[in-house]
Amino acid sequence: MAPYKWQASEDIFRLFHSIGHASLLYDIQDSHSGNMAMRWKNAQGEEMIVITATGSQKGDLEPNHLCYLSPGETDFGYYKASSETDIHVNILSLPGAQASMHAHVKELIMATLDDQPAPKTPLPFVPVDPLAFYHLGPEIPVDWFAVPSGSPEMAKTIPARLADHPLTIIYGHGAMTRGRTLKETFFNLCLANNAGYIVRLIERQIRSTRAKRQALKTPEKQEKNLVPEAPLPVGQSPELEELRSKIKAAPESHFHFRPTPYNTDIENRCDFPEEDEILKEFRKTGNRLFESRLSPFHTGSMSVRGVDYLLYAPQASMPYEVGGPLLKLPLAPNPGDDTELLLHKKIYAESDFQALIHAYVPEAEAHAHFIYPGEETPIEKIIPVDAEGSFMYLVIPVLPPKFDEARLVSLLHDYRVVVVRGGGVWAAGGLSLSEALHHPSSVREICLYRLAALERGLDLRKMEPEKAKKW
Amino acid sequence: MAIPGYHGRVLEINLTTGNIKVEALDAQDVLLYLGGRGLATKLFYDRIEPSADPLGPDNVIVIASSPLVGSQAPTAARGHMVYKSPLTGYIGTSNSGGTWGHTFKATGYDALIIRGRASHPVFIDLSPEKIEILDASHLWGKNVPESTDSLTAGSTPGNLYRALVIGPAGENLVKYAVVANDKNRVYGRGGPGAVFGSKNLKGIRVRGREKITIADEARYRSGVDQAIYLLKQAPITKRLMRELGTAGLILLINVINMLPHRNFLDVNHDEEKLERISGEAIARGYLEKAGSCYLCPIGCQRHTAVKTADGRVRRGEGPEYETTVLMGPVCDVYDLYYIIQANYLANELGLDTVTFGGTVACAMELFEKGYLTPEQTDGLEIKFGRGDLLEKLVDLAAYRRPGLGSLLAEGSYRLAAACGHPELAMQVKKLEIPGYDPRASYAQALGYMTSPTGACHLRGGYAVSLAFFGGTKEIPRFSLLQSPIAIRNMQNTGILQDSLGVCRFTGFSFAIEPWARIVSGITGYDFSTAHLEEIANRIAALERLFNLEAGLKPEEEDVLPSRFSEIPIMSEGKPRAISRENMIQMRRDYYRARGWNDDGRPGESYLREMKIEPKKA
Ligand code: SF4
């Protein structure tokens with residue numbers, strides 16, 4: 001056995017610690033689940049693999065919970081450093097894979113459960129939100145394993161899956177992913193969990209109104225007052241499957257834009273370190289977006305406008321400990337600007353707003369697909385049914401995935417917040433980021449109350465204030 | 001037919017000729033300038049010669065109402081007055097609550113323009129049935145409550161007279177005399193009372209019951225419901241203002257090191273002394289009841305009483321935050337007994353208590369430094385801390401008593417200049433800085449620098465409200481980068497509130513969105529917030545244009561006194577001053593944010609875009 005010894009690196013430890021903690025906050029681990037690994041060169045230039053020790057608490061890692069292995073020797077003392085070390089080592093041998101991570105992405109696990117007898121052959125998971133669809137692919141593999149933890153079967157299958165996909169699902173257990181950095185692997189897992197959550201929310205709202213829709217579709221049944229058909233089992237909602245096939249067939253027409261690929265080159269860039277008050281606002285807002293699940297890790301964007309530049313966080317959702325890039329950019333459009341940045345600039349060009357936030361609020365993404373029983377098309381506005389929501393907003397406009405950008409600007413002026421079906425939530429602040437942040441946060445609550453009302457079988461139309469329907 | 005929310009009529013009175021004419025309100029003016037401040041500015045600009053002597057017959061006073069006034073929108077009962085200020089030489093633009101503004105609208109006119117100069121004291125009597133210019137010789141020399149009582153005698157239930165009057169300060173052309181309604185609600189800053197006085201106009205009495213129409217009741221109502229709900233949500237509009245009045249801010253403003261002391265030399269206060277003049281102390285020791293302007297659910301008015309040394313009970317309103325701070329800590333006075341009585345007298349005689357306090361503080365510093373001599377003060381030892389002198393000084397200033405009175409009547413800048421030390425006047429464009437130290441908020445500093453009326457927190461952008469009480473709107477206090485846009489947006493919110501006829505304090509709860517709904521519902525026109533933003537930018541540009549045509553030199557006058565660069569205060573653990581370079585940077589960025597040129601002038605193409613026709617090429 002090779003003479004392994006602790007080679008604690010402060011930077012490496014801080015990175016693992018912060019990602020581990022963030023994964024607990026995002027609820028994609030239980031107290032001891034999951035593992036993280038990455039390639040690393042020590043001070044002597046030796047290739048190492050750093051991996052979390054088996055059974056360590058990922059939310060509260062200590063320096064001695066990190067094991068430093070050589071790529072060819074994965075035993076660590078009497079134990080495997082992690083029960084899934086072999087899987088990680090195989091993943092890390094894939095071209096470009098510098099980091100790997102496994103997490104209990106509960107929402108996705110729940111969204112992929114089925115009641116087939118074992119051995120199962122699960123279908124791939126098809127996300128319906130733009131983040132997972134574009135970043136993780138239109139079909140995320142799901143594999144059933146007889147021994148779904150640290151088995152040789154997994155050590156073979158999972159790296160093979162990850163050769164073609166950034167993330168793969170272990171049926172009933174979680175997901176494994178690879179990335180260029182540990183942050184990217186965490187990003188992938190957050191998107192996966194978020195995708196599962198959105199699908200489950202859509203399924204729940206479909207099922208909640210299914211009986212009513214059926215009844216409205218068959219007048220004879222209505223007359224005879226027959227009990228509608230029993231609800232379909234989870235995962236077999238034809239409406240959801242229809243939505244998925246439409247998205248797969250024409251994703252561009254179902255999503256506002258293709259998100260920019262995850263950028264690992266600007267990880268620690270901060271262009272305005274001297275602006276300590278604004279930095280604090282960015283960090284506070286970024287942390288809130290993440291912790292309150294208003295947008296998955298390193299998604300969305302936020303900006304504060306100066307006179308001829310903007311301060312821009314292209315990976316807005318960022319826990320304090322992990323952070324994200326903070327850029328100072330010219331306000332005038334540049335040829336290299338991505339769609340998201342250009343939209344910030346366009347909105348500023350046509351408004352007096354001081355701050356903008358774009359967040360992928362999962363509840364809003366799901367609810368934007370809602371179709372009232374008896375109607376054919378998804379909603380064009382979300383009408384709050386809770387007290388605070390209805391006074392704060394009365395209505396929240398929902399734009400289809402493709403729209404005239406001038407329309408977005410005009411709606412932002414009047415409502416300060418706009419939901420885009422397949423495109424997240426845009427919110428404006430007249431004076432500050434904090435003001436803009438309030439909007440996605442409220443939208444989340446408003447959608448949660450509406451979804452809960454649906455699940456409880458309540459009639460949203462009856463609950464919505466009359467004046468809001470006219471507004 | 002008039003646009004709903006408006007009567008469609010503008011009344012113009014020439015006091016020199018006695019000529020009275022009624023013209024149709026130009027719909028284009030409404031769509032471009034809305035009402036209140038915007039409409040008044042447009043009507044003013046179209047009529048005034050920029051070089052007019054502010055105290056001569058060519059000065060023009062415009063009072064304009066707003067489409068919301070006459071509706072049930074909360075606080076929407078205010079009036080707005082525009083004039084050329086005798087204190088600054090630039091635009092004077094002032095807003096007041098109370099009941100007069102609402103009743104003026106009920107006379108059936110949207111705006112009143114006054115020009116010329118009467119040969120003897122007069123008052124205007126206005127109702128839907130008649131417009132008269134009546135003799136006011138019997139009122140000349142009377143104070144504000146006496147004049148008000150006299151003019152409103154004869155009111156009948158349900159059809160009350162409301163009076164807008166000046167006191168002796170206005171008659172004596174004190175450069176910071178106010179015009180008062182309801183005895184204590186004032187069009188305060190920049191000396192509108194002196195403009196009235198110069199025209200021999202003692203007051204305007206109104207009575208009426210004309211109603212406005214509402215185009216889309218449901219839309220209007222949804223906005224009103226939302227506005228009321230939000231006002232009842234925010235602690236400051238729900239509770240603090242009613243319980244403690246504006247003076248309830250004193251201890252809070254001190255917490256952020258923004259409460260000025262000794263003519264803005266520092267922000268250091270003995271907390272025990274400060275507690276003695278707080279809103280809490282007023283509530284405990286002097287408050288009889290809270291009150292409200294018409295249609296206001298906030299209710300910040302303080303109806304107070306004080307027992308004098310000789311056993312009399314004097315009653316009045318206030319003091320407000322600004323009065324308490326400017327006559328208090330800025331003069332190193334921490335005794336409500338003196339502040340309250342000086343405030344009562346200032347209200348009775350018709351003086352702006354902010355400029356008065358600032359001028360007295362300046363006099364105190366000048367005196368202590370030996371630049372104002374005992375000969376000039378008639379032997380008065382006018383030193384910091386002399387609260388016992390305040391009431392006497394009010395009298396001296398308001399009556400322009402020879403000697404010190406006539407010096408004080410000119411405001412701090414002219415006083416300090418007369419003593420050879422203009423740098424000791426804490427003013428911008430000759431208007432005294434109110435009770436928020438600019439070193440504790442860059443946005444507030446920039447607001448004072450760029451306000452069209454000089455150092456006014458209400459026209460320059462009420463940054464402090466957001467820095468500390470803004471809740472979700474909180475902005476960094478020391479950001480050079482964020483301040484220019486933030487202050488432009490705050491100024492625009494203020495312009496819109498003034499143009500809609502609603503109270504500034506609603507801004508503690510919400511900005512413009514509910515108002516956009518309400519005004520769109522009332523008028524039936526689409527006054528979206530984008531459209532309103534454009535209107536605010538237009539009004540700001542027109543005010544600027546007038547000031548430039550009246551001789552404003554941005555380079556020299558859009559600045560703070562050197563004290564704020566030279567003497568730092570401590571805030572958030574660091575010394576804070578605003579260097580000249582920082583001022584210039586923020587100011588340039590502000591001009592750019594406004595779309596103006598770097599020299600602070602709106603360029604030709606911008607004016608064209610704003611549909612503004614300048615007087616000069
Ligand atoms: S808040 Fe005060 S000043 Fe404003 S309208 Fe109400 S009572 Fe009048």
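Residues numbered from 1 in each chain as written. Chains lettered and ligands numbered in written order. Predicted model: local features only at pLDDT ≥ 70, side-chain atom pairs only at ≥ 80, totals over all residues. Heavy atoms only, no water.

### Let's talk about the overall build of chain B
For chain B, the count of helices and strands is 27 helices and 19 strands. Against the globule reference of 25 Å for 617 residues, chain B gives a C-alpha radius of gyration of 22 Å, in line with a compact fold. A burial count over chain B gives 67% of its 617 residues as buried. Sequence-distant contacts in chain B: of pairs separated by 6 or more residues, those separated by 24 or more amount to 70%. Only carbon and sulfur atoms are counted for the fraction: they give 48% of the accessible area of chain B, which is about 19,100 Å². Averaging the coordinates of the 71 positive side-chain charges in chain B and doing the same for the 70 negative ones gives two points 2 Å apart. (Helix = DSSP H or I, 4+ residues; strand = E, 2+ residues; numbered from the N terminus. Rg over C-alpha atoms; globule rule 2.2 N^0.38 Å. Buried < 20%, exposed > 50% of the residue type's maximum accessible area, 1.4 Å probe, protein only. Contact = heavy atoms within 4.5 Å. Areas by Shrake-Rupley, 256 points an atom, 1.4 Å probe, with all protein chains shown as cover. Lys, Arg positive; Asp, Glu negative; His and termini not counted. Charge placed at Lys NZ, Arg CZ, Asp CG, Glu CD.)

### Remarks on the overall build of chain A
Secondary structure summary: chain A contains 17 helices and 17 strands in total. Taken along its principal axes, the extent of the C-alpha atoms in chain A is 75 × 60 × 35 Å. When contacts within chain A are restricted to residue pairs at least 6 apart in sequence, long-range pairs at least 24 apart make up 65% of them. Approximately 18,800 Å² of chain A is accessible, and the part contributed by carbon and sulfur atoms is 53%.

### Some details on the sheet that holds strand β9 (residues 162-165) of chain B
Hydrogen bonds along the backbone pair up the strands of a sheet, which may run parallel or antiparallel. Residues and elements named next belong to chain B. Spatial ordering of the open sheet is given by β8-β7-β12-β9-β10-β11, a layout of six strands whose pairing is mixed. Only two strands of the sheet have a single partner each, and these edge strands are β8 (131-135) and β11 (185-187). Neighbouring strand axes in the sheet, compared pairwise and without regard to direction, differ in orientation by 20° on average. Packing of helix α4 (residues 144-152) onto the sheet brings it into contact with β7 (122-126), β9, β10 (179-181) and β12 (201-206), and relative to β9 it is tilted by some 145°. (Pairing = 2+ DSSP bridges. Axes fitted to C-alpha atoms, helices over the stretch in contact; angles between N-to-C directions.)

### Some thoughts on the state of the cysteines
Residues and elements named next belong to chain B. Inspection of every chain in the model, using the stated rule, returns zero disulfides over all chains. The thiol sulfur of C362 is not disulfide-bonded, and the nearest other cysteine sulfur, from C419, lies at 7.5 Å. The class for C362 is buried, based on a relative accessible area of 0%. (Disulfide = S-S within 2.5 Å.)

### A word on the packing of helix α2 (residues 36-47) of chain B against helix α23 (residues 529-549) of chain B
Residue and element names in this part refer to chain B. The interhelical angle for the contact between α2 and α23, taken along N-to-C directions, is 35°, at an axis separation of 10 Å. Judged by the twist between their axes, the crossing of α2 over α23 is left-handed. Facing α2, whose interface residues are R37, G38, T41, K42, F44 and Y45, α23 presents I539, L542, E543, L545, F546 and E549. Residue classes in the contact of α2 with α23 are distributed as six nonpolar, two polar and four charged. (Left-handed = near helix turned anticlockwise from the far one by under 90°. Nonpolar A, V, L, I, M, F, W, Y, C, P; charged D, E, K, R; others polar.)

### Points about the interface of chain A and chain B
Often, the extent of an interface is quoted as the loss of accessible area upon association of its parts. On the chain B side, the residues contacting the 35 residues of chain A number 39 residues. Here chain A meets chain B over a buried area of about 3,200 Å², counting both sides, of which 53% is carbon and sulfur. Linking chain A to chain B there are four salt bridges. For D308 of chain A, the salt bridge identified is with R592 of chain B, shortest N-O distance 3.2 Å. In this assembly, chain A and chain B are joined by 19 residue pairs in polar contact (both at pLDDT 80 or more). Elements with a minimum of two residues in the side of chain A that touches chain B: α10 (276-291), β10 (301-305), β11 (309-313), α13 (387-392), α14 (405-415) and α15 (433-455) of chain A. Broken down by element, the residue count for the side of chain A that touches chain B peaks at five residues, all from α10 of chain A. A per-class count over the side of chain A that touches chain B returns 13 nonpolar, eight polar and 14 charged. (Buried area = accessible area lost by both parts, 1.4 Å probe. Salt bridge = Lys/Arg side-chain N within 4 Å of Asp/Glu carboxyl O. Polar contact = N/O pair within 3.5 Å; in protein donor to acceptor, adjacent residues only side chain to side chain.)

### Quick look at the pattern of salt bridges
Throughout the structure, instances matching the rule amount to 74 salt bridges over all chains. A salt bridge links E267 of chain A to K183 of chain A, with the shortest nitrogen-to-oxygen separation between them at 3.8 Å. Residue E267 of chain A is found in the loop between α9 (251-254) and α10, and its partner K183 of chain A is found in helix α6 (residues 182-217); the two are separated by 84 residues along the sequence. Close ionic contact of R262 of chain B with D332 of chain B constitutes a salt bridge, the shortest N to O distance being 3.5 Å. Of this pair, R262 of chain B sits in the loop between α9 (250-255) and α10 (271-276) while D332 of chain B sits in the loop between α12 (321-327) and α13 (336-349), and the two are 70 residues apart along the sequence.

### Details of the side chain of S483 of chain B
All names here are of chain B. Relative to the helices and strands, S483 resides in helix α21 (residues 483-500). For S483, a relative accessible area of 1% corresponds to the buried category. A distance of 2.6 Å separates the side chain of S483 from the backbone oxygen of S479, its partner in a polar contact. Excluding its chain neighbours within four sequence positions, the residues that come into contact with S483 are Y442, A443, L446 and M586.

### What about the packing of aromatic side chains?
According to the stated counting rule, one finds 24 aromatic pairs over all chains in the structure shown. Between the aromatic rings of W40 of chain A and Y68 of chain A, the centroid separation amounts to 5.4 Å while the plane-to-plane angle is 65°, which identifies the pairing as edge-to-face. In this pair, W40 of chain A is assigned in strand β1 (residues 35-41) and Y68 of chain A in strand β3 (residues 66-69), connecting sequence segments 28 residues apart. Ring geometry for Y442 of chain B versus F478 of chain B: centroids 5.6 Å apart, planes at 85°, classification edge-to-face. Note that Y442 of chain B is positioned in helix α18 (residues 442-450) and F478 of chain B in the loop between α20 (463-469) and α21, a separation of 36 residues in sequence. For Y442 of chain B, a relative accessible area of 9% gives the class buried. These aromatic residues form a ring-pair network of at least three members: Y321, Y436, Y462, F505 and F508 of chain B. Here the guanidinium or amino end of R9 of chain B rests over the ring plane of Y109 of chain B, the centre of that ring lying 4.5 Å away. Above the plane of the ring of Y45 of chain B lies K615 of chain B, whose end atom (NZ or CZ) is 4.1 Å from the centre. (Phe/Tyr/Trp six-rings, centres within 6.5 Å; stacked < 30°, edge-to-face > 60°. Lys NZ or Arg CZ within 6 Å of the ring centre and 35° of its normal.)

### Overview of the domain arrangement of chain B
All names here are of chain B. According to the domain assignment, chain B contains domain 1 (9-206), domain 2 (235-432) and domain 3 (441-508 + 528-609). Its C-alpha centre places domain 1 at a distance of 26 Å from the equivalent point of domain 2. The partner domain 2 presents 32 residues to the 35 residues of domain 1 that form the contact. For the pairing of domain 1 and domain 2, the buried interface totals around 2,700 Å² over both sides, and the portion due to carbon and sulfur atoms is 55%. Between domain 1 and domain 2 we count four salt bridges in total. Here E410 and K175 are joined by a salt bridge, their closest N and O atoms 2.7 Å apart. Remark: the boundary between domain 1 and domain 2 carries 19 residue pairs in polar contact (both at pLDDT 80 or more). Where the side of domain 1 that touches domain 2 is concerned, the elements lending two or more residues are α4 and α5 (168-171). Its residues placed into classes, the side of domain 1 that touches domain 2 shows 16 nonpolar, 14 polar and five charged. (Domains from an automatic or database assignment.)

### Focus: unusual backbone geometry
Look at the link from A118 of chain A to P119 of chain A: it is a cis peptide, with omega at -5°. Assignment of secondary structure puts P119 of chain A in the loop between α3 (106-112) and α4 (130-136). Geometrically, the link from G318 of chain B to P319 of chain B is a cis peptide bond, its omega value of 10° lying close to zero. When you line up the elements, P319 of chain B lands in the loop between β15 (313-317) and α12. Phi at R293 of chain A takes a positive value of approximately 55°, unusual for a residue other than glycine. Turning to its location among the elements, R293 of chain A is positioned in the loop between α10 and β10.

### Thoughts on the side chain of H367 of chain A
All names here are of chain A. Take H367: it is sitting in helix α12 (residues 362-367). Within the structure, H367 has its side chain in polar contact with the side chain of Q205 (distance 3.0 Å). Discounting chain neighbours no more than four positions away, the residues touching H367 are Q205, I379, I382, C447, R450, L451 and L454.

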